[in-house]
Amino acid sequence: MITVEERAAELYEVIRSCTMCALAETRNHAVPGEGPVPAEVMCIGEAPGVNEDKQGRPFVGAAGKFLEELLAAGGLQRDEVYICNVLKCRPPGNRDPMPAEIEACAEYLDLQIDMVDPLVIVTLGRFSMSRWFPQQAISRIHGSVREFDGRLVVPMYHPAAALHQQNLRDVLLSDFHQLPAILERARVGRLPALATNVAKEEPVSMAKPALKVLPSESEPNALQPAPEGAQPGQIRLFE
Ligand code: SF4
């Protein structure tokens, strides 16, 4: 029987020779992702940059160094975490990913999430965030936690966006400081208990209405009715 590591290696080989979108013509190296499989925490960024394209590894260079600092703030070492991007090949000039490229590459990310089977997914930047939180503003929802299909998903800013903005660095550090508590919540299985009382969210195409869960001042993390004007399908465990 094939092991999960062998499955990952096979997937990486497929990605390295993929020609399913035009980025194959301009890349030097596809960047499948790296880290243990399975892993409790999975970080998903946007797309390889110039250094990643050269080395075939995700989050190297200054953004990668800052990500390691952020992970340490969350009590994690880089080699404990699975790290990948929405796109596996670099868009020329580091332009934004295009919808057709994201769609072409989406199945690889699906397979990686299935393989890694994380308790907590940290989205880094708006392109990975929009997979679970379409039409949302990262400035409004960063650091909040919601459940999708049995996993906790936490949107955060991209480390590269914060490299030259001290205020964003502080925001990211503060959000990553929450990770141990979020992970502990996922580990001890309190979420399944909550999930018996609220509808779970599912990925964008299958979104369905649910309650919103907000912490009460007197009773942190207690279930509360959805406030007026709440978005359907939101479950927020931490503010
Ligand atoms: S970005 Fe994704 S879909 Fe496009 S060529 Fe690279 S691996 Fe294939």
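Up top you'll find the structure we're talking about.
A few points on the structure. (Residues numbered from 1 in each chain as written. Predicted model: local features only at pLDDT ≥ 70, side-chain atom pairs only at ≥ 80, totals over all residues. Heavy atoms only, no water.)

Regarding unusual backbone geometry
Thinking step 1. In this model, Val 37 is joined to Pro 38 through a cis peptide bond whose omega is -5 degrees.
Thinking step 2. When you line up the elements, Pro 38 lands in the loop between helix 1 (4-16) and strand 1 (41-45).
Thinking step 3. In this structure, Asn 94 takes a positive phi of about 60 degrees despite not being glycine.
Thinking step 4. Along the chain, the position of Asn 94 falls in the loop between strand 2 (82-85) and helix 4 (99-116).
Thinking step 5. Look at Asn 94 and you get partly exposed, because its relative accessible area is 43%.
Thinking step 6. Phi at Asp 117 takes a positive value of approximately 50 degrees, unusual for a residue other than glycine.
Thinking step 7. Asp 117 sits in the partly exposed class, given a relative accessible area of 47%. (Helix = DSSP H or I, 4+ residues; strand = E, 2+ residues; numbered from the N terminus. Buried < 20%, exposed > 50% of the residue type's maximum accessible area, 1.4 Å probe, protein only.)

Observations concerning the nonpolar core
Thinking step 1. Residues Met 42, Ile 44, Tyr 82, Val 120, Val 122 and Phe 176 are the most contacted members of the largest nonpolar core, which totals 57 residues.
Thinking step 2. Ranked by residue count, the leading element in this core is helix 4, at 6 residues.
Thinking step 3. Contact partners of Ile 44, with chain neighbours within four places excluded, come to Cys 84, Asn 85, Val 86, Leu 109, Ile 113, Ile 121, Val 122, Thr 123, Leu 124, Ser 128 and Trp 132. (Core = buried A, V, L, I, M, F, W, Y, C linked by side-chain atoms within 4.5 Å. Contact = heavy atoms within 4.5 Å.)

Topic: the packing of aromatic side chains
Thinking step 1. Applying the stated criterion across every chain yields a total of 1 aromatic pair.
Thinking step 2. Here the guanidinium or amino end of Arg 131 rests over the ring plane of Trp 132, the centre of that ring lying 5.3 Å away.
Thinking step 3. The side chain of Arg 169 reaches across the aromatic face of Phe 66, ending 4.1 Å from its centre. (Phe/Tyr/Trp six-rings, centres within 6.5 Å; stacked < 30°, edge-to-face > 60°. Lys NZ or Arg CZ within 6 Å of the ring centre and 35° of its normal.)

Section: the sheet that holds strand 4 (residues 146-148)
Thinking step 1. Read across the sheet, 5 strands follow the order 2-1-3-5-4 without closing on themselves; strand pairing throughout is mixed. This sheet does not close on itself; its edge strands, each paired only once, are strand 2 and strand 4. Between one strand axis and the next, the sheet turns by 30 degrees as a mean value, whatever way the strands run.
Thinking step 2. Where strand 1 and strand 3 (residues 120-124) come together, 4 bridges link them in parallel fashion. Considered in strand 3, the bridge of Val 41 is made with Val 120. (Pairing = 2+ DSSP bridges. Axes fitted to C-alpha atoms, helices over the stretch in contact; angles between N-to-C directions.)

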